[in-house]
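# Architecture at a glance
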Amino acid sequence: MSTATITSKGQITIPADVRERLGLQAGDRIEFVQIGPNEFSFIPATRSIKELCGLLKVATKGGASQ
């Protein structure tokens, strides 16, 4: 089990073994999810550019969407 210490500024360093298992790198974002009273989980909040394909509609001539 890995542990981290909170700094006076509220920051933590995620232990290297946890970062490796989650595939996290510098600059990646994480999301904190409450899973119970006083209990949180965190997950990587990064997405591959391929996952974003199809999220936006293509604009049509005249600005009206079909």
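Look up a bit, the structure's there.
In this report, we go over the structure that sits alongside the text. (Residues numbered from 1 in each chain as written. Predicted model: local features only at pLDDT ≥ 70, side-chain atom pairs only at ≥ 80, totals over all residues. Heavy atoms only, no water.)

### Focus on the overall build of the protein
Applicable threshold: Numbering goes from the N terminus for both helices and strands, where a helix is a DSSP run of H or I of at least four residues and a strand is a run of E of at least two. Burial classification: accessible surface area is computed with a 1.4 Å probe over protein chains only, and a residue below 20% of its type maximum counts as buried, one above 50% as exposed, and the rest as partly exposed. Here a residue-residue contact requires only that any non-hydrogen atoms of the pair lie within 4.5 Å. A 1.4 Å probe and the Shrake-Rupley method give the accessible areas. Residues count as covered only by the protein chains that appear here.
Scanning the protein for helices and strands turns up 1 helix and 2 strands. Expressed as a percentage of its 66 residues, the buried residues of the protein come to 6%. Taking the contacts inside the protein whose residues are at least 6 apart along the sequence as the reference set, 5% of them involve residues at least 24 apart. Surface summary for the protein: the accessible area is close to 6400 Å², and the carbon and sulfur share equals 53%.

### What to know about the packing of aromatic side chains
The cut-off we apply is this: Classification of ring pairs uses Phe, Tyr and Trp, with its six-membered ring standing for Trp, and accepts pairs whose centres are within 6.5 Å; under 30 degrees between planes counts as stacked, over 60 as edge-to-face, and the remaining range as tilted.
Applying the stated rule across the entire model yields 1 aromatic pair. An angle of 45° between the planes, with centres 6.0 Å apart, marks the rings of F32 and F42 as tilted. Taken together, the residues span a long stretch of sequence, with F32 in strand β1 (residues 30–36) and F42 in strand β2 (residues 39–44) at a distance of 10 residues.

### Examining a nonpolar patch on the surface
We apply this condition: Think of a patch as exposed residues, more than 30% relative accessible area, with no salt bridge, where like charges cluster within 9 Å and nonpolar side chains (Val, Leu, Ile, Met, Phe, Trp, Tyr) cluster within 5 Å. We define a salt bridge as a contact between a side-chain nitrogen of Lys or Arg and a carboxyl oxygen of Asp or Glu at a distance within 4 Å.
A surface patch of nonpolar side chains, amounting to about 230 Å² of accessible area, comprises V33, I35 and I43. Along the chain, I35 turns up in strand β1. Under the relative-accessibility criterion, I35 is labelled exposed at 52%.

### Some points on the pairing of β1
Rule in force here: A strand pair is defined by DSSP finding two or more bridges across the two strands.
In terms of strand pairing, β1 meets β2 through 6 bridges, oriented antiparallel. Counterpart to F32 in the pairing with β2 is F42. In this structure, the hairpin formed by β1 and β2 is closed by a connection of 2 residues, where N38 is found at a positive phi of approximately 60°.

### Overview of unusual backbone geometry
In this structure, N38 takes a positive phi of about 60° despite not being glycine. Using a relative accessible area of 80% as the deciding quantity, one classes N38 as exposed.

### Comments concerning the environment of D28
Just so we agree on the cut-off: Polar contact is defined as a pair of N or O atoms within 3.5 Å, subject to the rule that within protein one atom must be able to donate a hydrogen and the other to accept it, and that residues adjacent in sequence are counted only when both atoms are side-chain atoms.
Structurally, the position occupied by D28 is in the loop between α1 (16–22) and β1. What D28 contacts, discounting residues up to four positions off in sequence, is G23 and T46. Here Q25 takes part through its backbone nitrogen, which lies 2.7 Å from a polar atom of the side chain of D28.

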